[in-house]
Structures are given as structure tokens and as C-alpha cells.
2 protein chains.
Amino acid sequence: MRERLVVIGGDAAGMSAASQARRLKGPEELEIVAFERGHFSSYSACGIPYWVGGDVAARDELIARSPREHRARDIDLRMRTEVTELDVPGQRVRTRDLESGAESWTGFDKLVIGTGAQPVRPPLPGIDAPGVHGVQTLDDGQALLDSLTALETDGATGVPPAGARPGARGRAVVVGAGYIGVEMAEALLNRGYEVTVLNRGPQPMATLDPDMGRLVHEAMDGLGITTVGDAEVTAIRTGSDGRVRAVATADAEYPADVVVLGIGVRPETTLARAAGLPLGGHGGLLTDLAMRVRGHGNIWAGGDCVEVLDLVSGRERYIPLGTHANKHGQVIGSNVGGGYATFPGVVGTAVSKVCALEIARTGLREKDAREVGLRYVSVTIESTSRAGYYPGAAPMTVKMLAERRTGRLLGVQIVGREGAAKRVDIAAVALTAGMTVEAMTALDLGYAPPFSPVWDPVLIAARKAVAAVRAAE
Amino acid sequence: MRERLVVIGGDAAGMSAASQARRLKGPEELEIVAFERGHFSSYSACGIPYWVGGDVAARDELIARSPREHRARDIDLRMRTEVTELDVPGQRVRTRDLESGAESWTGFDKLVIGTGAQPVRPPLPGIDAPGVHGVQTLDDGQALLDSLTALETDGATGVPPAGARPGARGRAVVVGAGYIGVEMAEALLNRGYEVTVLNRGPQPMATLDPDMGRLVHEAMDGLGITTVGDAEVTAIRTGSDGRVRAVATADAEYPADVVVLGIGVRPETTLARAAGLPLGGHGGLLTDLAMRVRGHGNIWAGGDCVEVLDLVSGRERYIPLGTHANKHGQVIGSNVGGGYATFPGVVGTAVSKVCALEIARTGLREKDAREVGLRYVSVTIESTSRAGYYPGAAPMTVKMLAERRTGRLLGVQIVGREGAAKRVDIAAVALTAGMTVEAMTALDLGYAPPFSPVWDPVLIAARKAVAAVRAAE
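By the naming in an unreviewed UniProt entry, chain A is FAD-dependent oxidoreductase, taken from Streptomyces solicathayae. In its Cofactor (unreviewed entry) section, the UniProt record describing chain A reads: "FAD". The UniProt entry for chain A carries this comment under Sequence similarities (unreviewed entry): "Belongs to the class-III pyridine nucleotide-disulfide oxidoreductase family."

Below, the structure is given as C-alpha cells:
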């Protein structure tokens, strides 16, 4: 008998699952119906800053697979259709066509929840004013770009014409200095805006320890991006036309022609919560290793709406990231399609850049380690991306945490220039394998003068960590 | 009672050992005497191609620590002093001062052998002619540079003046297309020579499988480097002035103003062999995990004169590489100094480049796997260094070998452009940890559009390898 798979959400997790399930089972065995409330399917949200900043010319370049392409593979993807209710015992979802308003129920044998994340949008005065933008979806990105284009072409705003000196196109305030915040700061700088980043914490990139965040702060200063720490936004000020004019904190007001919110996201689990599905401490769905929603044999979930197991701390964490969503989708699709695959967990790897500055982290920060009761040593070293004598050798700071006594690697943070960020992969694999820093000192990493000093910076950090573990005994 | 450590060889392994031993034991406890027959200490031989090619301006940039700096740390480093005999039972070495010819004996309590490698120099007619150069030591590099400078300034050779179009400075023939060969080809191309590389095998880079070597061949063609495969050199032809004029193979003659030998090296173990120390099948010294020469409690050896354990195949291999020599030295110095450290082995990682082309390998090639009785599957994928839509995304080919049945990773080879080579480190750590390709598909590697597609190329290869392992069952 032909089964029906329903997928909620037409982006990475949902559509990867649908595609992989389709690879394993043909339409005669498995009907696949997917619902997406937005205008776009299977796109790279991570690419939005580069599209806004002009590195990527056209929106469609960010779309990995269009609705038409999905339909050509016998996946009945219905766009602009929102799932408004999930009836678990009845095995059906209620949907609303966002164009016509028509509602209907669709039954399922198997269900995949890939509802993604919703941006954190604090209930501040003026938060909904024209000119205030989130950048979570491609629709958001389009709205921001439309807003910027209007600013840049509309003499009425008093903004100088395009092509003028940096900063001349207007003033942008970015709220939040996490990945999205710093990437949007770069994008707006590249686009010619004067950029101020308001950050609630003392340093940007709270996913790093503050000492490493300080390096990012200094580098952003050097790029001409004003970064204000300990800045709690209290209101968005608007002009007589209702448009944003400034961002207010307890201490100051920052004039703004455009405001980008990069405060972060939380799991979009409204439907799941209403349906009584199990949620974790971060509000995300809880799954088993096969990405099945715990306690539910025929419901899977993946992507930005689930919590993931952190293999280093043993805790559930919320890490909305496209690469995880794709892996989840792949695993879910294999299982739904009658195969077998698992997602064992993450180690918390993330990389980013602000202009030429590269930022990377994996594993635990100092405060993460303390929170789970781990005692650790911490070392920080300076080295270079290439042999010191080779042209283009750029400085790099590597911080490494190791457990006391056992010497087990706990985390690595890197701030540097070209060649810095992806070095974190060495530590990501070592964390996955449970390596000690002593074992890491013997790692046979690629060496040639254009690529690394004779001791790779990660190995130098490991050597120093070994000494620190011994000294702490 | 004060002990005396004697070190034979003043480069990476020997002097790293001496320095580390000195860190652990002061001169009142340990006297350190080191002998080096050349003019330079602790230098980066790997940097020679970049010095010859002009990327590195001055020879001294390649010297990590000069004899004076070593002496300032109470290491009695005697330059231009050759050890001519090793008397193991008598615990002494005989040395000759290469300037004065004076000979003497020096006793030791502990001995470190870091005699390095000697270039393979086949007994061809004309091999010793002026204009034929090895590039193994800094002395060799200086001789080559002197020869090139003479060519470029001496009108008598008929060579056009410096600054003329590429190829106009003269014709260079490089014999051998391994790491040194291809790096010297780049160096001579950058210096303005017309470059021909003669290779005994069918494809350059025999450390790769031939299908990956072919990609290197094509890229070198594209750079204007002529690479001739299956070319066995039979003679070096000289002119009436005795200088090199051409390189002859069985089939052809290649005109040459300068010839660089990059045929490879073998362990320099003349002393060790005469002293009856244990040598392996590749002619290198055999050590235990603490880098102690097998069966000898007070003699250690490291660097290009030893064989190393390949952790993937379980066999001893000969891999002369600066990064191993430095690690060996560190381990030896710790043990000599009363500490404890081991060198567990290698996985055979190597990276190189020819202009913008990056080349990397780790683990076993197909023929290595067959030689040790492993059955394997092999997959090759094409991907990009960054998200496909991000500027500068460059193509990359990744080949992956996995063991049949178990799915254990056996090896990875990568040929690509910027961002390709150091990705091999992911596989190097995974090999060290004994990971399966299935476990690799879940690796939490750094992802952001400027650094990687959402599935890193190594993960794409791992996914394909998983499928191949299953299909082969």
C-alpha cells in the first residue's frame, strides 16, 4: 500500500529528507507532500549576508533547488501554504493557503517536521517600524535589500548617491554581534554604509570566550566598524514618516537609516508544542539518534527546530546551522525511506569572517566547561598561517581547553586571517574522536611552507596544553 | 655527575632534540655537543624552492636558529665538523674539522643521530657537470642560486637579460616530478625559465594514484610547464666548456641551461651502518616509540635518517619531512632530558603546490592498500572550496579509499585550488583515530559560505564512500 509522507517546511532539513526518501522509494511506494509557508525552497540562509553585501549577485544563486525542481522529482511541494495545526493521534495536518486563505486537512503515515527557527524580536517600541529588518529567511533578505535599494535611490531620505565614499550611503545599526551580526556588519560596510554594532555582552561573538572576542572587537575597530559593548537596546526611534531614525540604548542614541536585527533565533516549535511533542530546555524538539521525535514512531524532526546532543558536554544544545540541517535531512530521509542512518551529535563547530578576519570555534568555552562540572586548563598561543618566511603568512591566535588530569581536548577557538578558520576542523575531528592533547601533538598534519609553519598552530597549542595539564597535576 | 650528550647533525631533528633536552636539563647536569658538517644549522630545507623562486628574499630567513643562537643556550654546536666514525661500544665519535682537517674523538653518555638524508644521484654520464644541482641542503640551494645568478648576468651564456618574457631567462630541466620536482618547477617558472620536468613514471606526483597525478599533469600543462612522463634519463650532455647543455633520455634530448635533480632522497645512514646499528628495508634507522635506536639504551635517532611506522598499513615507511623531524627531535629531547614522550607514527600526510594548484594526500594509495592485503573501495568526487555561489569558489577533486566490509578510512587525495590542500588534515585526524567513512559523514566541520559548501567536500566523498562500501558487500 502506498504511504504518504508529509513534510512541514520546505528548506534544508525538510527537503533534504524528502529528496533522500525519494531516492530510496519511488512514487508508487511513497507519496511525498511538503508544505512551505514562504516563497522559496531549499535555500542557503547563510548566504544572505553575502547577497546583501554584493558578493553574490542574484537571489536565485542562493537557491539550491527550486519548487519546480522538487516537483520534477515527484515531491508535491506546496508553496505559500502554512501548516496551522498538527493532529498527532489523527495523523493529519491542517493547512492554510496563504494566497487564497483556503484551509484543508492532509493525512500522513509519516511526518517530518522541519519548521526551522524564528528570529528573536524583542517587544521594543518601534521594532516593527519600516527600516528594521531581520535576516532569517530569504523573504527577510529580500525585504532588507528592497529597503536598502529604496534608501540608496530615494533622494528624499537625504542619503548620498551610490558610489560615494564608504559610509556615505547611510548609517546602519546592527543589533547583536553574533555570527549574523558580524556578517551583516561586513555586508553593510561593503555596501558603503557607516556601521555600528550594538552588543549586549562586553565583546562581540559571545560564542567565543571574552578574551578571544576582544580580538574580534579590535579587528572590527580596525575595519572601521564601531562596536559598542554592554549596549542593551531600549527602543527604536522613528521619524515623523514612521521610518526608523535611531536606536536607543540606556546610555545613548545611535542614528540609523536602517537597522538589522541579528539577535539570534529560537526554535520554531509552535505547532509541535501545541501538539504535545517533547521539547527540551532550549525550546527545540527532542529526537533520538535516528532523528525520530522521542516517543513517536512515525514523526521525525530536524534542522533549526530541534536540539542536538553536544558530544563534548553530553548536554542537549541548540545550534541552528545549515550544515546540521542538511545532515539531519539526510539521516531522516534514509530512515523514512527504509534505510538506516543516525546523527550522533555535534561538537559545536562554527566558522565566520568579518572582511579578512576569520573566526572559528569548536567544543566548549570556559563557561561551558564550568557549567558541566569539567575542570580544565586553558592555553593561548600566537602563530602564523604559513611558514613565517613565506609571503602572506598571517598571524593567528589559537586558544585550547583541555580537561585536567585526563588531558582530553575540550575546545578550540581561533581568530586570525586567511587560513585560520578551517584549521578548527582538526580540533573538530579530534573532539569527535575523544583525543587527548598529548595525542594531538603527534598528529600528522599537512606541512609545506605555503600552508603551515613546521609545527601547525593547532599542534603548538596542543604542546602548550600538554604542559599546562602536567603543571596542573 | 655531569653527562655528555653528543648530537650528530645540526638540523631539525638533532637541534630540536638538543634544545628540548637543554630546556629540561641545565649545563651543570648535561653537556651538549653537536656536530654539523655543513655551513648552516636548523634551517628549513622545505623553503629552498621558495627562496630560489624569489618568494623568500634572503637565505637567512630560512634559518630558524643560527649556530650562535644555539651556543647562547649552552649547546656547543661545532659547524663544518663531520663525524667520520661512530664507536658504539666505546661510546665515542671521531670527527674531522672540514676546514683544518684535524681529527679527534669525543666521548658520549648519550647520542642523538640526526644525519638526515642524501639525495639520490644516479651515476649518469655528466651528472657532476657544472649546472647540475641537487636541492637537499641550504648549501645546495646556495650553489643553485649562484649558478642561476651567473647564468642570468653572464652574457657569454647567451641567456637574455633578467626581466625578459617568461622562459626568456633560459631553459631549465627538472629531473623527477615528486614534491621537490614540482616545487622547483614552480620556482624556476617564477624566475623566468622555460621549464621541462622529466618524470620516470607516467604521471607526476607518484605519491598520488595515477588518476589524481593526471590532474596535476594537466594543471602543470596549463601553467606552461612541460611534463614528460615515462622519461628515463640516460645522460647529462655537456658542452665544450664542460657545462651542462642538455638532458638525454632514451627517446629525446632536452636542451638545458640548468638541471635540477629532484629524484628523491634516501636515509644518510653510512655511519650507522658501519657501526652495526639496525636498519630497515628502506635503509633508515629503526627506532622504538621513544625514538631510541632499537636495542641501544643510550642512542636515539630521528628525522630523515629513520624509518617511521605507518599507522594505517602497520608497515615501516621512509618519509623524509621537516615536520616529522621536528616532532622526533622534540620527543628525543624530552626523553634524553629525563622526561617522557613518544612518537606513535605517521599516516603519510603531505601537501604541496605548483603555483595555484594545491596537492594533498594522506593514508594509503590504491597500490599501498593492495600491497598490505587490504581490500578497498575507491570513490572520487568533484566539489568546490567554498559555497558554489560565493566568489572564489574553486573546483576540488577528492579521492577517498575505505576498507571493504569495515568501512574504515584508508586514505584521501585532494587536487584543487585555494583551500584544497589543508582539508586533508580532516582525513589525517580521522585516520589517526581509526574512523570509518560512515562516522566521518557526521563530522561537525566548520561551515560558512566563504569557507565551504554546506557539505564539505571531504564529507561528500565520505558519503559516496559509505555507499560504495555498502554496494561492495
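Still more to cover.
Caption draft 1: Looking closely at the relation of the copies chain B and chain A. Overlaying chain B on chain A yields an RMSD of 0.0 Å, the required transformation being a rotation through 180° with an accompanying axial translation of 0.0 Å. Accordingly, the operation relating the two chain copies is best matched by a two-fold axis. With an isologous cut-off of 70% or more, the 100% of interface residues of chain B that recur at the interface of chain A puts this contact in the isologous class.

Caption draft 2: Molecular detail of helix 5 (residues 179-190) of chain B. Residues and elements named next belong to chain B. Across its 12 residues, helix 5 extends 17 Å between first and last C-alpha, which sits within 8% of the 16 Å expected from 1.5 Å per residue. The buried count for helix 5 comes to 9 of 12 residues, which makes it a mostly enclosed element. When helix 5 is considered as a whole, its buried residues turn out to be Gly181, Val182, Glu183, Met184, Ala185, Glu186, Ala187, Leu188 and Leu189. Taken from the residues just after helix 5, glycine 192 is the one with a positive phi, measuring 105°.

Caption draft 3: Representation of the nonpolar core. Of all hydrophobic cores here, the largest spans 90 residues; its most connected members are A:Met400, A:Leu409, A:Met440, B:Met400, B:Leu409 and B:Met440. Dropping the residues within four chain positions of it, A:Leu409 is found in contact with A:Met400, A:Leu401, A:Ala402, A:Ala427, A:Ala430, A:Leu431, A:Met435, A:Thr436, A:Val437 and A:Met440.

Caption draft 4: Quick peek at the sheet that holds strand 24 (residues 395-403) of chain A. All names here are of chain A. Read across the open sheet, the 5 strands follow the order 21-22-25-24-23; overall the sheet is antiparallel. Edge positions in the open sheet fall to strand 21 (350-354) and strand 23 (376-384), since each of these has one partner strand only. Between one strand and the next, the sheet's axes are offset by a mean angle of 15°, whatever the strand orientation. When strand 21 meets strand 22 (residues 357-363), the two strands line up antiparallel, connected through 5 bridges. For serine 352, the partnering residue across the bridge sits in strand 22 and is isoleucine 359.

Caption draft 5: Here's a closer look at the pairing of strand 7 (residues 110-113) of chain B. Residues and elements named next belong to chain B. Side chains Lys110 and Val112 project from strand 7 onto one buried face, and the interleaved Leu111 and Ile113 project onto a second face that is buried too. The pairing of strand 1 (residues 3-8) with strand 7 spans 4 bridges and is parallel. Bridge pairing links leucine 5 to lysine 110 in strand 7. Summarising the sheet, strand 7 and strand 18 (residues 299-301) pair through 3 bridges and their orientation is parallel.

Caption draft 6: The UniProt feature "domain: Pyridine nucleotide-disulphide oxidoreductase dimerisation" (unreviewed entry) in chain A, seen in detail. In the numbering used here, UniProt assigns the "domain: Pyridine nucleotide-disulphide oxidoreductase dimerisation" (unreviewed entry) feature to residues 352-454 of chain A. Annotation note: span residues 352-454 of chain A, helix share 19%, strand share 35%, distance between end C-alpha atoms 26 Å.

Cut-offs and rules
Residues numbered from 1 in each chain as written. Chains lettered and ligands numbered in written order. Predicted model: local features only at pLDDT ≥ 70, side-chain atom pairs only at ≥ 80, totals over all residues. Heavy atoms only, no water. UniProt positions renumbered as here; feature names shortened; annotations may be inferred. Least-squares fit on C-alpha atoms with pLDDT ≥ 70 in both. Contact = heavy atoms within 4.5 Å. Helix = DSSP H or I, 4+ residues; strand = E, 2+ residues; numbered from the N terminus. Expected span 1.5 Å × (residues − 1). Buried < 20%, exposed > 50% of the residue type's maximum accessible area, 1.4 Å probe, protein only. Core = buried A, V, L, I, M, F, W, Y, C linked by side-chain atoms within 4.5 Å. Pairing = 2+ DSSP bridges. Axes fitted to C-alpha atoms, helices over the stretch in contact; angles between N-to-C directions.

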